[in-house]
Amino acid sequence: MKKFVLSTALIASGSLFFSAASNADSVNYISGGFNDFYNSDFYVEGSTSIADNWVGEVQFTDMGDYSLRAGAKYFLDMGADRQFDTFLKGGVSHYDFGNSDDTSAYAGIGAMTKLSQQTTAIVDAGYDWGLDGFASVGARLRYAFTDRFSADAGFRGNFNSIDNEVHLGVTYSF
């Protein structure tokens, strides 16, 4: 795992030498990497545009036996050439711990903004009714080092005795 984190850091730092057009704000992507949430080691996630202003999303994490989230985001002002693309999100979460599991709904609100040609920031807040219910606030940076590949780093602060999350990964935009 340390090799993966080191490789991701080297790729991200080496990205300064690329000058290709950025796709860091794309909603059509597949991402994966290291995730620190309870005893987890990795995550895989993806999203794609499914209709005007609608984006479907799925996330798999090896937390417990596994956790799975599937839902959608509705962008309130997608393509309006505003500084922030705000969105509402919601879906279903499932946490599997072998002997027990928990399936519930989640909902939230957030925004995406370009900080530079290569860098996009994504912030959101939400509530998940699973695991006895918990609120969370997250921030994520995506730095494009080619027109298709980006380094991805994020932190999510969780409340109600739920561990915080840190993830580092690589994103492929299509």
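Every value quoted in this text rests on a predicted model; they were computed, and no experiment measured them. (Residues numbered from 1 in each chain as written. Predicted model: local features only at pLDDT ≥ 70, side-chain atom pairs only at ≥ 80, totals over all residues. Heavy atoms only, no water.)

Engineer: Go over the overall build of the protein chain, please, and point to the residues and values.
Structural biologist: When helices and strands are counted, the protein chain shows one helix and ten strands. Counted from the first residue to the last, the protein chain has its helices and strands arranged as α-β-β-β-β-β-β-β-β-β-β. A burial count over the protein chain gives 44% of its 174 residues as buried. Accessible area of the protein chain: about 9100 Å², with a carbon and sulfur share of 61%. (Helix = DSSP H or I, 4+ residues; strand = E, 2+ residues; numbered from the N terminus. Buried < 20%, exposed > 50% of the residue type's maximum accessible area, 1.4 Å probe, protein only. Areas by Shrake-Rupley, 256 points an atom, 1.4 Å probe, with all protein chains shown as cover.)

Engineer: Run through the confidence of the model for the protein chain, naming residues and quoting values.
Structural biologist: In low-pLDDT segments, the atomic positions of the prediction should not be examined closely. Per-residue confidence for the protein chain gives a mean pLDDT of 85; residues scoring 70 or more make up 83%. Segment residues 1-22: pLDDT under 50, and 26 contacts once partners within four positions in sequence are set aside and those in other chains are kept. (pLDDT = per-residue confidence, 0-100. Contact = heavy atoms within 4.5 Å.)

Engineer: I'd like a description of the pattern of salt bridges, backed by residues and values.
Structural biologist: Counted under the stated rule, the structure contains seven salt bridges. Between Asp124 and Lys89 there is a salt bridge, and its shortest N-O distance comes to 2.4 Å. Pair noted here: Asp124 is in strand 7 (residues 119-128) and Lys89 is in strand 5 (residues 84-96), with a separation of 35 residues, a long-range link. Of the two residues examined, Asp124 and Lys89, each falls in the buried class. Each of Glu45, Arg140, Arg142 and Asp152 takes part in salt bridges that share partners, so that together they form one network. (Salt bridge = Lys/Arg side-chain N within 4 Å of Asp/Glu carboxyl O.)

Engineer: Please provide a residue-by-residue account of empty space enclosed by the protein, values included.
Structural biologist: Unoccupied space between atoms shows up once a probe the size of one water molecule is rolled over them. For the structure on display, the rule yields two cavities of 30 Å³ or more. The calculated volume of the largest cavity comes to roughly 660 Å³. In terms of lining, the largest cavity is formed by 35 residues, of which the most central are Glu45, Gln59, Lys89, Arg140 and Arg156. As a volume, the second largest cavity reaches approximately 70 Å³. Of all the elements in the fold, those that place two or more residues in the lining of the second largest cavity are strand 6 (101-114), strand 7 and strand 8 (134-144). Of the residues that constitute the lining of the second largest cavity, the class distribution is four nonpolar, two polar and five charged. (1 Å grid on protein atoms, 1.4 Å probe; cavity = no way out; pocket = protein on both sides within 12 Å on 5 of 7 lines; lining within 4 Å. Points joined across faces, edges and corners; volume = space filled by probe spheres on them. Nonpolar A, V, L, I, M, F, W, Y, C, P; charged D, E, K, R; others polar.)

Engineer: Describe the pairing of strand 3 (residues 54-61), and please don't skip the residues or the numbers.
Structural biologist: Looking at chain direction, strand 2 (residues 42-51) and strand 3 are connected through eight bridges and run antiparallel. From the neighbouring strand, Thr48 faces strand 3, where its bridge partner is Gly56. Between strand 2 and strand 3, which follow one another and run antiparallel, lie two residues, and Asn53 among them has a positive phi close to 70 degrees. In sequence, strand 3 turns back onto strand 4 (residues 66-75) through a hairpin of four residues, with Gly64 there showing a positive phi of about 65 degrees. (Pairing = 2+ DSSP bridges.)

Engineer: Account for the pairing of strand 4, naming residues and giving values.
Structural biologist: Relative to strand 4, strand 3 runs antiparallel, the two sharing eight bridges. Residue pairing in the sheet places Phe60 in a bridge with Leu68 of strand 4. Where strand 4 and strand 5 come together, ten bridges link them in antiparallel fashion. Its bridge partner lying in strand 5, Arg69 is registered against Ser93.

Engineer: Mind laying out the packing of aromatic side chains, listing which residues take part and the relevant values?
Structural biologist: Throughout the structure, instances matching the rule amount to six aromatic pairs. Seen in terms of ring centroids, Phe75 and Phe87 are 5.4 Å apart; in terms of plane orientation they differ by 55 degrees. Their pairing is tilted. With Phe75 in strand 4 and Phe87 in strand 5, this pair connects stretches of sequence that are twelve residues apart. On the basis of relative accessibility, which here comes to 1%, the residue Phe75 falls in the buried class. Take Phe87: its relative accessible area is 1%, and that puts it in the buried class. Considering the side-chain rings of Phe149 and Tyr172, the 5.2 Å spacing of their centres and the 55 degrees angle between planes classify their relative orientation as tilted. Of this pair, Phe149 sits in strand 9 (residues 149-158) while Tyr172 is found in strand 10 (residues 165-173), placing the two residues 23 residues apart along the sequence. Residue placement shows Lys73 over the ring face of Phe87; its charged tip is 4.5 Å from the ring centre. In this structure, Arg142 packs its charged tip against the face of Tyr29, placed 4.4 Å from the ring centre. (Phe/Tyr/Trp six-rings, centres within 6.5 Å; stacked < 30°, edge-to-face > 60°. Lys NZ or Arg CZ within 6 Å of the ring centre and 35° of its normal.)

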